[in-house]
Amino acid sequence: MPLIFTQLQLALPEIVLLGSTCLVLIVDLFVSERSRGITYILAQMALLAVFITLLATSVGKTSDAFSHTFVRDALGDTLKLFVALSCSVVFLYAKNYLKTRDIPFGEFYVLGLFGVLGMMILISAASLLTVYLGLELLSLSMYAMVALQRDSVTASESAMKYFVLGAIASGMLLYGMSMIYGMTGSLELATINTKVLEHQHDIVMMFGLVFVLVGIAFKFGAVPFHMWVPDVYQGSATAVTLYIGTAPKIAAFAMLIRLLVDGLLGLQSEWRDIVIVIAIASMAIGNVVAIAQSNIKRMLAYSTISHVGFLMLGVLAGTPEGFASAMFYTLVYTLTALGSFGMVILMSGYGFEAEHLDSFKGLNQRSPWFAFIMLILMFSMAGVPPFLGFFAKFMVLKSVVAIDLVWLAALAVVFSIVGAFYYLRIVKLMYFDTAQDSHSLEISTDMRLLMSVNGLLVLLLGLKPDWILDLCIRVFPLA
Amino acid sequence: MLDSHLLSLLIGLPLLGGMLVLATGGDKNAPEARVLALVCSLVVLGLSVVLYQKFALGTSKMQFVELYDWIRVGSLRANYHLGVDGISMPLIVLTSFMTLIVVIAGWEVIQYKVAQYMASFLFMQGLMNGVFAALDAALFYVFWEAMLIPMFIVIGVWGGPRRVYATIKFFLYTFFGSVFMLIALLYLAIQIGGFDILQMHSVKLSMQEQVLIFIAFLLAFAVKVPMWPVHTWLPDAHVEAPTGGSVILAAIMLKLGAYGFLRFSLPITPDASQALDGLMISLSLIAVVYIGFVALAQQDMKKLIAYSSISHMGFVTLGFFIVWSIGRSQGNYHGAVMGIEGAMVQMISHGFVSGAMFLCVGVMYDRMHSRMINDYGGVVNTMPVFAAFAVLFAMANAGLPGTSGFVGEFMVILSSFKANFWYAFAAASTLVLGAAYTLWMVKRVIFGAVANDRVAKLSDINSREFFFLGLLSLMVFVFGLYPAPLLDAMDATVTDLVRHITQSKLLPGG
């Protein structure tokens, strides 16, 4: 087989996705308003196709393509599978929400799929340019998705904020990349990693590192580059928030691993201190400010910030086990966030947004089952066993304690106690307060089913977290 | 077959039963939910009687051991490891017994979300049995924390007017203590490459490590016991909790903290325990004496019993930590075993007595909807049978000889005499104080002339209430007159524990 085909085969999932996304885009132009469901089904099929090709072309060993700009490895494959899976869930949760509102239906799915393409390229990046390419493809799709509600003032405002701040962050990232390129003479992450030690004490290298970290922190929404997160989460339509708040976190994690571990592992002792500061600040500000929120999307935004801080702890441990625990944390967070934002969508009826915390009042009377699901999700976010969120925190803490940073672990758990308060408040609203409106919830069967599976997974995987943990540990071979 | 999975059944059946009860759905199926909960708690009680009967005396080894892989990835080794010894077995039986009582006590009283109420208690039972039976630290922690969730719900949904404040305070307080224990457990797990508690018992640690780990454990267990000064959540939680919640809280949950001292603090960090025993004894005596005075001043019956619980639990921690003072003053450890055994008896006895006291308050509250002492007076005139029970339990609470309350207190005081006269002196003051606050309350509530019309209209206890109060008074007498079965069961384990903790674990030269 000619070389080019071998290389194309490595990128087959991306190619399939690109093709099917274009197909969805074109088909959507011709379907009538009434049969919009077709777009949705096609979008799901596109993700399914990605899923299948990912599994079918998985080679099990690390190989790169296109002049060392694109890498296919176990880490990438696993993350891509989870990206496809979580986007598929997002698409389902979003379906009825979009249908009952004045939000362009087809565009949401097409942009969403392009975003997935961006995430997959980002995950597979083996050079600085590929990182940037994937990142921009993802970001541009998300800017547009936030702006989809063009008649909404808050949505336009948050789209503008997101775009301007995102552009600045991208600029910083590029600037940092140019410095690293200038020092090492290469864009390939693997080559950079071999040369970086020569420039360990070089001031330009440090600047490059710091600017790259700014870019990563912005994408993650880590303090002090978190300002966009609450505004964008609150301003966007809930379906868009759901999208932004879930799969892109997996991509951001991949970006962090590609840049800091694949590329700049030699500077670990330098970036560890910075990441410690970012992690502590994120946990502190995220958890404390979340307490003051009355809008659930905004509260979850601050909670995201705190979770990002927590998962950074696993990264800064700098051991394969630490990276694996951070990855586990990311995946667990994504699963829980899917459920939580999904619940906000589920609570929102026709023309009614369940954005205020009070709309969760008395949910136990209206629907005991979904109150229970939300209870699982909230306790999982708070890190209470036996739910999955506990094991995520457990693994990260373990890797932090293993490198003798016990004080950092102690600080982290103190912040998670602060965080427990606002999750408990949701449980309190659902169980201890009386409902404001007694309408039973109108939920479609597929949403009902998937939401239940989503919540129960958080419980059941928590009882036996082995296999998902094993996936994470296996992709970070002991160096 | 039954033997090798008995502990799993004791944990799993209540959890399964809880799910079944939940599945009965809304309040229109409340009778089914009640019956199902009753059947389940009866079966579990039956199983724990089997556990007691088949429990081999005279050995400190873990019995009914179950060991399976649980999580095995990378460097993480956590097992599903269960087993009981003389310390945990009586507590499991106590849990099963009290859960049955709570189910019966909530039979007619709870009319709102019955299935969820009953299921919460069954879940708690399974999780608490899990805490007592777990021999793997990760598993222990999972049970330990998960237990907070049903209690959080119970206080919050069926509690009094300030229930939200009380339950969030309860949750955050206990959560705060526990997370530091998690870090200590992780640290230990990294040292030994696994979470096996019995292996942790034999790991060598330097003094500095021991002190830090001891403090981390102390935060978790002192909050749970609760010891002065981290006791403030307890009166709030007790006052606001429904009767059943108070009973489980006082009878079992407080014991979990004390159990933690025996299972973790003492054996894992004996040298730190020895070095800090002065602190622990002081905190215990403050609880006994100062909280005793605080109890004297209470107007709310539930609050009074809550403070009395803290004071009684001070005895328990005193009994645990006088071991080394006995060694220092006597040159040997004779009497140390009696201190710990006395504390254990006190735990079991307090489980029955405090549970019974809360149930008595509950019986009155169901009729009068008030817990204030001033609203009562002369209850004996309208509720003679109830008054007899109430006086009996009050006597037991005050430590009257012949009741179970006496045995534990007496053993602890006796062995603290061997340690230091003043310890014993301070501890013995509880005999006066305990009698004072309990009997004064009884005098104001039960005796005297009928205070008001509402008391005059009270009706005496029905057969259901008679049944559970009678059952409890039986236990109070049994353990008061013949505590030997309990002592026999724990003797070998406690003796072995004292031998273990009086040997230094410091590395040579460490």
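In case you missed it, the structure is sitting above this.
Here is a short report on the structure shown in this document. Being a predicted model, the structure only gives us computed values, none of them experimental.

### Concerning the overall build of chain B
Part 1 of the argument: Helix and strand counts for chain B come out as 23 helices and two strands.
Part 2 of the argument: Since a compact globule built from 510 residues should have a radius of gyration of about 24 Å, the 22 Å found for chain B is in line with a globular shape.
Part 3 of the argument: Along the three orthogonal principal directions, the C-alpha set of chain B runs to about 75 × 55 × 40 Å.
Part 4 of the argument: The buried share of chain B, reckoned over its 510 residues, is 65%.
Part 5 of the argument: Sequence separation of at least 24 residues holds for 81% of the intrachain contacts in chain B that already meet a minimum separation of 6.
Part 6 of the argument: Of the accessible surface of chain B, which amounts to about 16,100 Å², a share of 67% is contributed by carbon and sulfur atoms.
Part 7 of the argument: Each charge class in chain B was averaged separately, 27 positive and 26 negative side chains, and the resulting centres sit 4 Å apart.

### So, the packing of aromatic side chains
Part 1 of the argument: Scanning the entire structure with this criterion turns up 54 aromatic pairs over all chains.
Part 2 of the argument: Here F140(B) and F264(B) contribute two aromatic rings whose centre-to-centre distance is 4.6 Å and whose plane-to-plane angle is 50 degrees, an arrangement assigned as tilted. Of this pair, F140(B) sits in helix α5 (residues 137–146) while F264(B) sits in helix α11 (residues 243–268), and the two are 124 residues apart along the sequence. Exposure class is identical for F140(B) and F264(B). Each is buried.
Part 3 of the argument: One aromatic cluster is present, formed by F140(B), W144(B), F214(B), F217(B), F221(B), F261(B), F264(B), F321(B) and W324(B) through successive ring pairs.
Part 4 of the argument: Taking NZ or CZ as reference, R101(A) lies 3.9 Å from the ring centre of Y97(A), over its face.
Part 5 of the argument: A cation sits over an aromatic face here: K224(B) above W144(B), 4.7 Å from the ring centre.

### Brief notes about the interface of chain A and chain B
Part 1 of the argument: Tallying the contact residues gives 41 residues for chain A and 37 residues for chain B.
Part 2 of the argument: Summing the contributions of chain A and of chain B, the shared interface buries around 3,400 Å²; its carbon and sulfur component is 81%.
Part 3 of the argument: In terms of surface lost to chain B, no three residues of chain A exceed F394(A), I417(A) and F432(A), which account for 20% of the buried area on that side.
Part 4 of the argument: Taken together, the links from chain A to chain B amount to zero salt bridges.
Part 5 of the argument: Those elements giving two or more residues to the side of chain A that touches chain B turn out to be α16 (363–366), α17 (368–382), α18 (388–402), α19 (406–432) and α21 (466–474) of chain A.

### Thoughts on the environment of V31(A)
Residue and element names in this part refer to chain A.
Part 1 of the argument: Looking at the secondary structure, you find V31 in the loop between α2 (12–30) and α3 (37–57).
Part 2 of the argument: With relative accessibility at 14%, the residue V31 sits in the buried group.
Part 3 of the argument: Measuring from C-alpha to C-alpha, the distance between V31 and G106 comes to 9.6 Å, with 75 residues separating the pair along the chain.
Part 4 of the argument: Sequence-distant contacts of V31, that is, excluding residues within four places in its chain, are made with R36, I38 and T39.

### Details of helix α10 (residues 228–235) of chain A
Part 1 of the argument: Summarising burial for α10(A): six of the eight residues are buried, a large majority.
Part 2 of the argument: Within α10(A) the residues assigned to the buried category are W228(A), V229(A), P230(A), V232(A), Y233(A) and G235(A).

### With respect to the pairing of strand β1 (residues 63–73) of chain B
Residues and elements named next belong to chain B.
Part 1 of the argument: Where β1 and strand β2 (residues 76–84) come together, eight bridges link them in antiparallel fashion. For R72, the partnering residue across the bridge sits in β2 and is R77.
Part 2 of the argument: Counting the residues that bridge the hairpin from β1 to β2 gives two residues, and of these G74 lies at a positive phi of roughly 50 degrees.

### Remarks on empty space enclosed by the protein
All names here are of chain B.
Part 1 of the argument: Counting across every chain of the model gives nine cavities of 30 Å³ or more.
Part 2 of the argument: Considered as a void within the structure, the largest cavity measures approximately 100 Å³ in volume.
Part 3 of the argument: Taken together, M301, I305, M357, C360, V361, M364, A390, A394, M441, V442, V445 and I446 make up the lining of the largest cavity.
Part 4 of the argument: At the level of elements, α14 (301–321), α16 (336–368), α18 (384–398) and α20 (421–445) are the ones that each hand at least two residues to the lining of the largest cavity.
Part 5 of the argument: If one sorts the elements of the lining of the largest cavity by residue count, α16 sits on top with four residues.

### Remarks on unusual backbone geometry
Glycine aside, a negative phi is what most residues show, and trans is what most peptide bonds show.
Part 1 of the argument: Geometrically, the link from P385(A) to P386(A) is a cis peptide bond, its omega value of 5 degrees lying close to zero.
Part 2 of the argument: Along the polypeptide, P386(A) turns up in the loop between α17 and α18.
Part 3 of the argument: Following W228(B), the chain continues to P229(B) via a peptide bond in cis, the omega torsion being 5 degrees.
Part 4 of the argument: Mapped onto the elements, P229(B) comes out in the loop between α9 (207–224) and α10 (233–240).
Part 5 of the argument: Not every positive phi belongs to a glycine, and K113(B) is a case in point at roughly 50 degrees.
Part 6 of the argument: Looking at the element boundaries, K113(B) is found in the loop between α3 (88–105) and α4 (114–133).

### So, the nonpolar core
As a rule of thumb, soluble globular proteins bury nonpolar side chains together.
Residues and elements named next belong to chain B.
Part 1 of the argument: With 393 residues, the main nonpolar core has F320 and F386 as its most contacted residues.
Part 2 of the argument: Sort the elements by how many residues they give to this core and α16 lands first, with 19 residues.
Part 3 of the argument: Beyond its immediate stretch of four places on either side in the chain, F386 contacts C360, V363, M364, V379, I446, D460, I461 and L469.

### Some points on the environment of R444(B)
Residue and element names in this part refer to chain B.
Part 1 of the argument: Within the secondary structure layout, R444 lies in helix α20.
Part 2 of the argument: Sequence separation of R444 and V379 is 65 residues, and the distance between their C-alpha atoms is 9.3 Å.
Part 3 of the argument: Not counting chain neighbours up to four residues away, the residues in contact with R444 comprise Q298, I373, Y376 and G377.

### Quick notes on the layout of surface pockets
Part 1 of the argument: Roughly 1,300 Å³ of internal volume is contained in the largest pocket.
Part 2 of the argument: Lining the largest pocket are 42 residues, and of these F372(A), L459(A), L15(B), M19(B) and F123(B) sit closest to its centre.
Part 3 of the argument: Contributing elements (two or more residues each) for the lining of the largest pocket: α17 and α20 (445–463) of chain A together with α1 (6–23), β1, α4, α5 and α6 (148–158) of chain B.
Part 4 of the argument: For the lining of the largest pocket, the leading source of residues is α1(B), giving seven residues.
Part 5 of the argument: For the lining of the largest pocket, the class distribution of residues is 31 nonpolar, eight polar and three charged.
Part 6 of the argument: The computed volume of the second largest pocket comes to approximately 640 Å³.
Part 7 of the argument: Looking at the second largest pocket, it is lined by 27 residues, and the ones nearest its centre are D73(A), R258(A), V261(A), D262(A) and P477(A).
Part 8 of the argument: Of all the secondary structure elements, the ones that give two or more residues to the lining of the second largest pocket are α4 (74–99), α8 (189–195), α12 (247–263) and α15 (320–347) of chain A.
Part 9 of the argument: It is α12(A) that provides the largest number of residues to the lining of the second largest pocket, a total of four residues.
Part 10 of the argument: Class assignment for the residues of the lining of the second largest pocket results in 16 nonpolar, four polar and seven charged.

### Points about the pattern of salt bridges
Part 1 of the argument: According to the stated counting rule, one finds 22 salt bridges over all chains in the structure shown.
Part 2 of the argument: For E355(A), the salt bridge identified is with K297(A), shortest N-O distance 2.6 Å. Here E355(A), found in the loop between α15 and α16, pairs with K297(A), found in helix α14 (residues 296–317); they are 58 residues apart in sequence, far enough to count as distant.
Part 3 of the argument: Between D69(B) and R72(B) there is a salt bridge whose closest N-O contact spans 3.1 Å.
Part 4 of the argument: Several salt bridges converge on common partners, so that one network encompasses E157(A), K161(A), D231(A) and R298(A).

Here is what the cut-offs are and how they apply
Residues numbered from 1 in each chain as written. Chains lettered and ligands numbered in written order. Predicted model: local features only at pLDDT ≥ 70, side-chain atom pairs only at ≥ 80, totals over all residues. Heavy atoms only, no water. Helix = DSSP H or I, 4+ residues; strand = E, 2+ residues; numbered from the N terminus. Rg over C-alpha atoms; globule rule 2.2 N^0.38 Å. Buried < 20%, exposed > 50% of the residue type's maximum accessible area, 1.4 Å probe, protein only. Contact = heavy atoms within 4.5 Å. Areas by Shrake-Rupley, 256 points an atom, 1.4 Å probe, with all protein chains shown as cover. Lys, Arg positive; Asp, Glu negative; His and termini not counted. Charge placed at Lys NZ, Arg CZ, Asp CG, Glu CD. Phe/Tyr/Trp six-rings, centres within 6.5 Å; stacked < 30°, edge-to-face > 60°. Lys NZ or Arg CZ within 6 Å of the ring centre and 35° of its normal. Buried area = accessible area lost by both parts, 1.4 Å probe. Salt bridge = Lys/Arg side-chain N within 4 Å of Asp/Glu carboxyl O. Pairing = 2+ DSSP bridges. 1 Å grid on protein atoms, 1.4 Å probe; cavity = no way out; pocket = protein on both sides within 12 Å on 5 of 7 lines; lining within 4 Å. Points joined across faces, edges and corners; volume = space filled by probe spheres on them. Core = buried A, V, L, I, M, F, W, Y, C linked by side-chain atoms within 4.5 Å. Nonpolar A, V, L, I, M, F, W, Y, C, P; charged D, E, K, R; others polar.

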